[in-house]
Amino acid sequence: MAVLLDGKALAAGLMADLKLRADALKARGKTPGLAVILVGDDPASQVYVRNKGKACEDLGLLSETIRLPQETSQQDLETQIEQLNRDPRIDGILVQLPLPRHLDEAVALRRIAPEKDVDGFHIENAGRLFTGQSGVVACTPKGILYMLKKAQIPLAGKEAVVIGRSNIVGKPVAMLLLNENCTVTLCHSRTVDLAAHTRRADILVAAVGKPRFVTADMVKPGAAVIDVGINRVDGKVVGDVDFENVEKVAGYLSPVPGGVGKMTIGMLMENTIEAAERKAH
Ligand code: NDP
């Protein structure tokens with residue numbers, strides 16, 4: 001049976017450490033501040049934004065949510081971002097995605113000052129990751145690496161296979177694993193014979209968005225399997241991994257819910273505190 005990578009417990013430990021760092025900044029008169037821009041009324045986004053606000057509250061951070069109407073123009077969104085770039089109380093700015101379809105996501109993200117880009121999606125931070133320079137790392141990939149390291153799973157020289165090549169999960173997690181000296185294979189919907197790749201993986205990351213997509217026969221015995229997927233099936237949240245069967249083959253497995261998702265908000269808090277620490281130095 002696989003060892004469970006318990007995101008809930010890890011996130012609790014992380015939040016306790018972050019609380020100390022936030023308190024140290026506050027003692028110096030610098031309360032870290034996070035601003036979240038939410039455009040429109042997507043129900044899932046509302047939940048995410050609420051959870052982020054709650055995490056800020058738990059750590060005593062300044063939290064500001066800017067709600068803009070669905071029909072907000074690109075210009076108005078960018079003006080709002082620029083105001084926050086100039087606001088000295090705000091260390092981190094996050095534009096909740098997805099944006100309504102008439103808005104240009106890439107252009108909006110580029111408006112965020114890179115040092116306040118706590119999601120790590122700005123082209124400068126993505127470029128820093130890809131060139132091995134320090135910068136803000138996207139929260140979910142950062143959380144995945146944190147999980148692997150906390151479980152002391154060896155990375156250097158190991159075969160890592162990532163399914164999914166999005167800019168927010170697949171590509172940055174592949175880069176982080178490469179920086180840890182894994183031999184990385186990045187798979188996607190055009191990959192031929194996916195299982196032949198996944199069966200070689202010592203570390204397998206599934207970021208596909210398809211319920212129970214990774215089956216036990218695709219997993220190398222003893223592998224560390226990280227399930228990033230969040231899928232809703234009959235009102236229940238399930239991951240991309242067929243948990244019940246993969247659990248019998250894998251060495252380590254992150255559950256959904258209670259796995260990677262729990263780490264993501266923790267890493268957002270860490271990125272915000274780090275931004276405040278950089279400014280305070
Ligand atoms: P995207 O839809 O942007 O990317 C999905 C990727 O899966 C694409 O690269 C796609 O390939 C690939 N894919 C689709 N079908 C197949 C297939 N049959 N075989 C191999 N690859 C395939 O999703 P995201 O990266 O944004 O998110 C992935 C999942 O992770 C979602 O369930 C999402 O909800 C979840 N998520 C969870 C987070 C967390 O905090 N836990 C945070 C962010 C996302 P191609 O590029 O060729 O189309």
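Chains are numbered independently. Their residues run from 1 in the order of the written sequence. Restriction of local features to residues with pLDDT of at least 70 applies here, the model being predicted, together with a cutoff of 80 or more for giving and counting side-chain atom pairs; totals for whole chains, interfaces and linings are based on all residues. Note: side-chain values were computed over all heavy atoms of the structure, leaving out hydrogens and water.

1. Things to note about helix 6 (residues 139-150)
Okay, step 1: Working definition: helices are DSSP H or I runs of at least four residues, strands are E runs of at least two. Numbering for both runs from the N terminus. Helices are assigned an expected span. That span is 1.5 Å times one less than the residue count. For helix 6, which comprises 12 residues, the first-to-last C-alpha distance of 16 Å matches the rise-based estimate of 16 Å (1.5 Å per residue) to within 8%.
Okay, step 2: Where burial is concerned, most of helix 6 is hidden: 10 out of the 12 residues are buried.
Okay, step 3: A 1.4 Å probe rolled over the protein chains alone gives each residue an accessible area, and that area as a share of the maximum for its type sets the label: buried under 20%, exposed over 50%, partly exposed in between. Every buried residue of helix 6 is listed here: Cys139, Thr140, Pro141, Lys142, Gly143, Ile144, Leu145, Tyr146, Met147 and Leu148.
Okay, step 4: Residue contacts follow a heavy-atom distance rule, with two residues in contact if any of their heavy atoms lie within 4.5 Å. The elements touched by buried residues of helix 6 are helix 1 (7-27), helix 7 (170-179), strand 7 (203-206), strand 8 (224-227) and helix 10 (260-280).
Okay, step 5: Two residues or fewer after helix 6 comes Gln152, characterised by a positive phi angle close to 55 degrees.

2. Digging into the domain arrangement of the chain
Okay, step 1: Each domain's extent was defined by an automatic or database domain assignment. Domain boundaries in the chain define domain 1 (29-118) and domain 2 (139-260).
Okay, step 2: On a C-alpha basis, the centroid separation for the pair domain 1 and domain 2 is 29 Å.

3. Quick word on the site of the ligand
Okay, step 1: For this purpose, a residue is taken to be near a molecule or strand whenever a single non-hydrogen atom of the residue falls within 4 Å of it. Taken together, 21 residues are adjacent to the ligand, and Arg165, Ser166, Ser189, Lys210 and Thr264 come closest.
Okay, step 2: We call two N or O atoms a polar contact when they sit within 3.5 Å, provided that within protein one can donate a hydrogen and the other can accept it, with sequence-adjacent residues counted only if both atoms are side-chain atoms. Between Thr264 and the ligand, the recorded distance is 2.8 Å, taken from a side-chain N or O atom to an oxygen atom.
Okay, step 3: It is helix 10 that provides the largest number of residues to the shell around the ligand, a total of three residues.
Okay, step 4: Gly counts as polar in this scheme, as do all residues outside two lists: the nonpolar Ala, Val, Leu, Ile, Met, Phe, Trp, Tyr, Cys and Pro, and the charged Asp, Glu, Lys and Arg. Residues that form the shell around the ligand fall into these classes: nine nonpolar, 10 polar and two charged.

4. Re unusual backbone geometry
Okay, step 1: Between Leu97 and the following residue, Pro98, the backbone shows a cis peptide bond with an omega angle of 0 degrees.
Okay, step 2: Tracing the sequence through the fold places Pro98 in the loop between strand 4 (92-95) and helix 4 (105-111).
Okay, step 3: Omega for the peptide link from Val256 to Pro257 comes to -5 degrees, which places this bond in the cis form.
Okay, step 4: With phi around 55 degrees, Asp193 is a residue other than glycine that occupies positive phi space.
Okay, step 5: Considering the arrangement of structural elements, one finds Asp193 in the loop between strand 6 (183-187) and helix 8 (194-198).
Okay, step 6: Judged by its relative accessible area of 49%, Asp193 falls in the partly exposed class.
Okay, step 7: The phi torsion at Asp234 lies on the positive side, around 50 degrees, for a residue other than glycine.
Okay, step 8: Mapped onto the elements, Asp234 comes out in the loop between strand 9 (231-233) and strand 10 (236-238).

5. Some words on the side chain of Asp119
Okay, step 1: As for its placement among the helices and strands, Asp119 is situated in the loop between helix 4 and helix 5 (123-130).
Okay, step 2: Charged residues are defined narrowly, with Lys and Arg counted positive, Asp and Glu counted negative, and His plus the chain ends left uncounted. The term salt bridge refers to a pairing of a side-chain nitrogen on Lys or Arg with a carboxyl oxygen on Asp or Glu at a separation within 4 Å. One buried charged side chain, Asp119, makes no salt bridge at all; its nearest oppositely charged neighbour is Lys52, positioned 5.6 Å away.
Okay, step 3: Every residue in contact with Asp119, bar those within four places of it in the chain, is listed here: Leu94, Val95, Ala138 and Cys139.

6. Considerations on the sheet that holds strand 2 (residues 33-39)
Across a sheet, paired strands are connected by hydrogen bonds in the backbone, their directions being either parallel or antiparallel.
Okay, step 1: With respect to topology, three strands assemble into an open sheet ordered 3-2-4, the strand pairing being parallel. The sheet terminates laterally at strand 3 (62-68) and strand 4, the two strands that pair on one side only. Geometrically, the sheet is characterised by an average inter-axis angle of 15 degrees between neighbouring strands, direction not taken into account.
Okay, step 2: At least two bridges found by DSSP between two strands are what make those strands a pair. Of the strand pairs in this sheet, strand 2 and strand 4 are connected by four bridges, and their pairing is parallel. What sits directly across from Ala35, in strand 4, is Ile93.
Okay, step 3: Set on the sheet, helix 2 (residues 43-59) makes contact with strand 2, strand 3 and strand 4; between it and strand 2 the angle comes to about 170 degrees.
Okay, step 4: Sheet strands touched by helix 3 (residues 74-86): strand 2, strand 3 and strand 4. Its angle to strand 2, the strand with the most contacts, is close to 175 degrees. With axes taken as lines fitted to C-alpha atoms, and helix axes fitted only over the stretch in contact, angles between N-to-C directions fall between 0 and 180 degrees.

7. Looking at the environment of Ala16
Okay, step 1: Position of Ala16 relative to the elements: it lies in helix 1.
Okay, step 2: Note on Ala16: relative accessible area 43%, which makes it partly exposed.
Okay, step 3: Put simply, Ala16 and Thr215 are 199 residues apart on the chain and 35 Å apart in space, counted from C-alpha to C-alpha.

8. Structural notes on the nonpolar core
Okay, step 1: By size, the foremost hydrophobic cluster in this structure holds 50 residues, and its most contacted members are Ile144, Leu148, Leu177, Ile203, Val205 and Met269.
Okay, step 2: Structurally, this core is a two-domain feature, drawing no fewer than three residues from each of domain 1 (29-118) and domain 2 (139-260).
Okay, step 3: If we skip the residues at most four places from it in the chain, Leu177 touches Leu145, Leu148, Leu155, Ala160, Val162, Cys182, Val184 and Val205. We call a set of buried Ala, Val, Leu, Ile, Met, Phe, Trp, Tyr and Cys residues a nonpolar core when their side-chain atoms join them within 4.5 Å.

9. Regarding the pattern of salt bridges
Okay, step 1: In the structure shown here, the tally under the stated rule is 17 salt bridges.
Okay, step 2: Between Lys19 and Asp23 there is a salt bridge, and its shortest N-O distance comes to 3.1 Å. Linking Lys19 with Asp23, this pair stays in helix 1, spanning four residues, or about one helical turn.
Okay, step 3: The partly exposed category is assigned to Lys19, whose relative accessible area is 31%.
Okay, step 4: Judged by its relative accessible area of 31%, Asp23 is partly exposed.

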